[in-house]
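Chain by chain, the residues:
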Amino acid sequence: MQLLKIENVSVQTTDGLELVEPISLSLEQGKNITILGETGSGKSLLIQAIMGALPQELTTTGTIIVENCKISDKSDRLQKLWGKTLVMLPQEPRRSLDPIMDISQQLWESFHFVAGFDEKKSAEVSENYLSKLGLANAQKSYPHQLSGGMAQRASFAIATASGGKILLADEPTKGLDPVSKQSVIQLLKQAYQNGGGLLTITHDIEVATVLGGYIFVIKKGKLVEQGEAETLLNHPQNEYTKALIGADPQHWLPLDNLQKNPNVEPLVSVKNLTVARGKRELFSQLSFDLNKGEILGIVGRSGIGKSTLADVLCGLLKPKSGEVKWHSTTHKKHQVLKLYQDPPEAFAPNATLQTLLDDVIDYHKLDRSQIPALLEQLSLSPEILQRTAENVSGGELQRVAILRALLLEPVLLFADEVTSRLDPITQQETIKLLVEQCRSRNCGLIIVSHDHHLIEKSCDKVIDLEQYLF
């Protein structure tokens with residue numbers, strides 16, 4: 001049975017600029033399709049067009065057919081299918097969850113108001129569903145109290161509560177550790193193996209490989225290649241597809257090692273550091289030295305304390321015990337910076353990115369002449385600065401965050417999963433840029449990543465926080 005068919009669906013701005021060229025596809029019951037492409041290629045816009053959820057400044061053309069019913073009045077008629085037939089698992093799950101309501105209550109509302117269950121049954125099925133997804137102990141937790149993997153599972157539960165057959169998943173595994181990623185992939189598989197259909201967009205080659213099925217490859221809004229997953233991933237024909245697959249960190253060449261430079265200067269020393277969040281102790285007796293221009297990699301599972309270590313180094317959190325000793329006291333507080341894993345949390349949503357950059361430049365009296373070169377190096381169009389944080393992709397926003405950090409002439413950058421939202425090509429370019437910029441500026445760089453290949457190929461030395469657990 002055909003669940004979803006789109007014919008020549010395209011996306012344009014109101015003044016006629018085509019962002020996604022006409023694309024056609026058909027999703028059958030029990031099948032899955034993956035749309036693979038780089039950050040900003042138009043993947044999310046295509047799914048938003050299918051859902052009838054494009055921003056007001058964008059329009060769509062083409063035909064959408066849901067369960068053999070042609071949808072002509074897209075906005076009104078598609079919205080009536082939300083939850084019951086069409087289900088969307090969005091990027092940034094924490095942003096899709098209500099921040100002032102626990103996840104059990106949010107799921108209860110889906111069962112009660114969308115699925116139509118009575119209050120008692122809604123409570124019972126909510127508890128059972130969350131337990132089934134491994135969230136039994138987190139039912140009364142609020143979104144900010146959840147790890148990335150837990151937030152994604154909670155979003156999955158809420159989205160699928162009403163039994164919608166067509167699941168549209170927008171970068172569902174980005175920023176997750178390997179265990180959480182596999183857990184979410186298995187949930188996605190269940191969505192189509194149980195009689196539904198799955199349409200996933202991702203830049204993660206591993207996700208595309210594990211899901212299998214049929215793959216469409218999109219570059220800058222244009223379909224460049226399509227085919228069965230096994231054939232396309234093992235024998236790509238298009239040069240862009242080859243580059244996308246080849247840019248996976250496991251294929252990288254190691255970046256230059258600092259140890260070749262004998263004139264190293266110490267930057268910061270961490271001695272016997274023990275760190276806690278509230279009453280929960282995370283890791284203990286951590287010691288390391290970091291030199292100027294040196295690249296340190298930090299690995300460890302979600303919740304182990306990697307981001308908390310950044311807060312300690314940035315002076316945002318006091319350690320339970322131990323010492324952070326800076327060998328230079330001339331730097332300013334704003335020159336020890338954290339690049340956040342979740343870029344929307346680092347930007348005001350309603351001001352343009354240009355305005356936000358101008359505020360930082362004016363406040364700290366920075367050199368704005370660096371902006372054009374950094375935009376080019378980060379593969380960002382100058383036009384993007386005229387948009388707000390809500391109107392750019394997560395990957396584009398992360399690169400703007402890197403640009404802003406480099407403007408501040410940092411002495412230490414703590415890069416917390418900064419490339420988890422980027423496609424392999426942009427990820428490789430961004431890590432290379434970060435390393436090169438920190439080397440040339442004599443700035444220390446700490447890279448946190450769940451990808452061991454990325455860490456091994458990019459860093460001078462590596463610390464596994466698993467070795468410092470209580």
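Visitor: So what's going on with the overall build of the chain? Residues and values would help.
Guide: When you go through the chain residue by residue, the secondary structure sums to 16 helices and 18 strands. Taking 2.2 N^0.38 as the reference for a compact globule, 470 residues should give roughly 23 Å; the C-alpha atoms of the chain span a radius of gyration of 23 Å, in line with that estimate. For the C-alpha atoms alone, the extent of the chain along its principal axes is close to 70 × 50 × 45 Å. By residue count, 55% of the 470 residues in the chain fall in the buried class. Partitioning the contacts of the chain with sequence separation of at least 6, the portion at a separation of at least 24 is 72%. Working note: accessible area of the chain is about 21,000 Å², and carbon and sulfur atoms make up 47% of it.

Visitor: An account of the pairing of strand β17 (residues 444-448) is needed here, citing residue identities and associated values.
Guide: The buried fraction of β17 amounts to 5 of the 5 residues, a majority that puts the element mostly inside the structure. On β17, burial covers both faces: G444, I446 and V448 on one face and L445 and I447 on the other are all buried. Of the strand pairs in this sheet, strand β13 (residues 295-299) and β17 are connected by 4 bridges, and their pairing is parallel. Paired with I295 across the bridge in β17 is L445. Chirality of the crossover, the property in question, places the unit of strand β16 (residues 412-416), helix α15 (residues 424-441) and β17 among those that are right-handed.

Visitor: Tell me about the nonpolar core, and name the residues and values.
Guide: For soluble globular proteins, nonpolar side chains are generally found buried alongside one another. Core analysis: the largest hydrophobic core is formed by 44 residues, its most contacted members being L339, L353, L413 and L445. Not counting residues up to four positions away in its chain, the partners in contact with L445 are L290, E294, I295, L296, L412, L413, A415, L434, V435 and C438.

Visitor: Explain the packing of aromatic side chains residue by residue, including any values.
Guide: The full count for this structure, using the stated rule, is 4 aromatic pairs. Pairing W108 with F113 gives two aromatic rings, centres 5.9 Å apart and planes at 85°, and the pair type is edge-to-face. When the centroid spacing of 5.7 Å and the interplanar angle of 10° are considered together, the rings of F111 and F117 count as stacked. You can call F117 partly exposed: its relative accessible area is 25%. By way of ring pairs, the aromatic residues F111, F117 and Y129 are connected into one cluster. The ring of F117 is capped by K121, whose NZ or CZ atom sits 4.4 Å from the centre of that ring. In this structure, R404 is placed above the aromatic ring of F347, and the distance from its NZ or CZ to the ring centre is 4.1 Å.

Here is what the cut-offs are and how they apply
Residues numbered from 1 in each chain as written. Predicted model: local features only at pLDDT ≥ 70, side-chain atom pairs only at ≥ 80, totals over all residues. Heavy atoms only, no water. Helix = DSSP H or I, 4+ residues; strand = E, 2+ residues; numbered from the N terminus. Rg over C-alpha atoms; globule rule 2.2 N^0.38 Å. Buried < 20%, exposed > 50% of the residue type's maximum accessible area, 1.4 Å probe, protein only. Contact = heavy atoms within 4.5 Å. Areas by Shrake-Rupley, 256 points an atom, 1.4 Å probe, with all protein chains shown as cover. Pairing = 2+ DSSP bridges. Right-handed = clockwise from strand over helix to strand, strands pointing away. Core = buried A, V, L, I, M, F, W, Y, C linked by side-chain atoms within 4.5 Å. Phe/Tyr/Trp six-rings, centres within 6.5 Å; stacked < 30°, edge-to-face > 60°. Lys NZ or Arg CZ within 6 Å of the ring centre and 35° of its normal.

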